[in-house]
Amino acid sequence: MANDLGLGLTHKSPLKSTIVSSLLLLLSLQLIPHVNSLAQNSSTKPSFTMSSKPLLRSIKQVLPATPKHWVGDGFHVHPVFASKAFTEELSPFLMFDYGPPTHFPPINAGQNPRGVGRHPHRGFETVTVAFQGEVEHADSVGNRDVIRAGDVQWMTAGRGIIHEEYHGREFSETGGVLEMCQLWVNLPAEKKMTKPGYQAILKRDIPAVEIFNASSEAGECANNSESFGKVRVIAGSFQGIKGPASTFSPVELWDVMISKSNSIVDLPFPEDYSCIVFVRRGKASIFGETGNAYEVGPQSVALTERKGGVLRVKAGEDDTSLLVMGGSPLNEPIAARGPFVMNTWDEIAQASRDFYNGNFGS
């Protein structure tokens, strides 16, 4: 969906002795705080120095909820990243559309399901998450699938694909509530012309990791048997548990639920990755290293500094739900126009020629 489920709108990424002596010097410097502490009280356990304690992620900017608009006749979405879409600041992510819970009546006999018709893509991946309802997909490579609540569709456009997205036939006939989102993930320059692909990731194949109340040490959980929520790991890993999605560069995508208001949880996150927090439901406060908290409301998104290995979050309501995403920045030029995302404008022009000449989508 590009502001549009990506669907076609324009958006203007002796040596031995010396070595031993040096190592001993470094070791002695690291141990000085612990030696001094033990000298004062031999029964006291040495505590971590500031350098060994993971830093908390600080908030760089909070983007407020954006007005909704229709994509086709089936998806009423917030363009979450607004003017930040297709900028290196979000890399490797490009674009994010969120469709909040929306009730659709049953279609009439003979009426086609609501959605968006056939359209091309090149140079990136689309990731569609269904929270409620059904989203159906069909493409020029022969993939056809329906994702339901909790499922994920991960499509690699690569060198070019033509696809369509619409409400599932069964859902269309009965009517109901649809809630979904679609993210665009950039491909590295060397992978932009890779073969198109499709991953159907079912709810049962996405691991859920329980989370607990944060301890006083960042990145650790208190010794408490009561779970405060869970993290569904779609891509990347959390607490050593890997998600099922296969990616072309390091990507993290977590569906996080915090069950109780005022709970504080620590979510370890790779320090050198971009990290973005979207509040799907409820509200959250995110604490930085200075202790300052930034409140993020529903359908708002927080962009964090690329410093700190722990995301500390306090839920403002019961059943607060977040999408946490990020990855290793590609640090490559981004040229984006409509359904194509490449590295140069010449490549964009070539994509358009290939599509209109029929050399596309296989």
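It should be noted that the structure appears before, not after, this text.
Residues numbered from 1 in each chain as written. Predicted model: local features only at pLDDT ≥ 70, side-chain atom pairs only at ≥ 80, totals over all residues. Heavy atoms only, no water.

Asks: Describe in detail the pattern of salt bridges, supporting the description with residues and values.
Replies: In the structure shown here, the tally under the stated rule is nine salt bridges. Here R122 and D354 are joined by a salt bridge, their closest N and O atoms 3.0 Å apart. Residue R122 is located in the loop between β5 (115-121) and β6 (124-132), and its partner D354 is located in helix α3 (residues 345-356); the two are separated by 232 residues in the primary sequence. The same class applies to R122 as to D354, namely buried. Put simply, R144 and E136 hold a salt bridge, and the shortest N to O gap is 3.7 Å. Judged by its relative accessible area of 54%, R144 falls in the exposed class. Taking the relative accessible area as the measure of exposure, E136 reaches 11% and is therefore buried. Here the salt bridges share partners, and the residues they tie into one network are K60, K84 and E89. (Salt bridge = Lys/Arg side-chain N within 4 Å of Asp/Glu carboxyl O. Helix = DSSP H or I, 4+ residues; strand = E, 2+ residues; numbered from the N terminus. Buried < 20%, exposed > 50% of the residue type's maximum accessible area, 1.4 Å probe, protein only.)

Asks: Account for the side chain of S300, with residues named and values stated.
Replies: Mapped onto the elements of the fold, S300 is located in the loop between β21 (293-296) and β22 (301-304). When sequence neighbours within four positions are dropped, the list of residues in contact with S300 reads L63, P64, A65, V277, F278 and V279. (Contact = heavy atoms within 4.5 Å.)

Asks: Let's hear about the nonpolar core: which residues, and what values?
Replies: F81, F96, W154, L253 and M325 are the most contacted members of the largest nonpolar core, which has 36 residues in total. The element contributing the most residues to this core is strand β4 (residues 93-104), with five residues. Among residues more than four places away in sequence, those in contact with L253 are V127, W154, L183, R232, V233, I234, A235, L323, V324 and M325. Formed by 26 residues, the second largest nonpolar core is a distinct cluster that contains I59, V233, I258 and L311. (Core = buried A, V, L, I, M, F, W, Y, C linked by side-chain atoms within 4.5 Å.)

Asks: Go over the packing of aromatic side chains, please, and point to the residues and values.
Replies: Evaluated as defined, the whole model comprises 11 aromatic pairs. Arranged with centres 5.7 Å apart and planes meeting at 80°, the rings of F355 and F360 form a pair that is edge-to-face. An aromatic cluster is defined as three or more aromatic residues linked by ring pairs; in this entry it consists of F81, F96, Y98 and F278. Residue placement shows R280 over the ring face of F131; its charged tip is 3.9 Å from the ring centre. (Phe/Tyr/Trp six-rings, centres within 6.5 Å; stacked < 30°, edge-to-face > 60°. Lys NZ or Arg CZ within 6 Å of the ring centre and 35° of its normal.)

Asks: So what about α3? Which residues, and what values?
Replies: Helical periodicity: at 3.6 residues per turn, an α-helix aligns residues three or four positions apart in one direction. With 12 residues, α3 ought to run about 16 Å at 1.5 Å a step, and its terminal C-alpha atoms sit 17 Å apart, in line with that. Along α3, the residues that are buried comprise I348, A351 and D354. All buried residues of α3 project into a common sector of 125° when viewed along the axis, lining one side. Opposite the buried face of α3, at more than 90 degrees from it, the exposed residues are D346 and Y356. In this structure, the buried residues of α3 make contact with β25 (335-337) and β26 (340-342). Trailing α3 by a residue or two, G358 shows a phi angle of about 80°, which is positive. (Expected span 1.5 Å × (residues − 1). Arc of directions from axis to C-beta.)

Asks: Pulling in residues and values, what's your account of the sheet that holds strand β23 (residues 310-315)?
Replies: With antiparallel pairing, four strands are arranged side by side in an open sheet as β18-β23-β20-β21. Bordering the open sheet on either side are β18 (264-268) and β21, each of which pairs with just one other strand. Taking the axes of each pair of neighbouring strands and ignoring which way they run, one obtains an average angle of 30° across the sheet. Relative to β21, strand β20 (residues 284-287) runs antiparallel, the two sharing four bridges. Bridging across to β21, S285 finds its partner in E295. (Pairing = 2+ DSSP bridges. Axes fitted to C-alpha atoms, helices over the stretch in contact; angles between N-to-C directions.)

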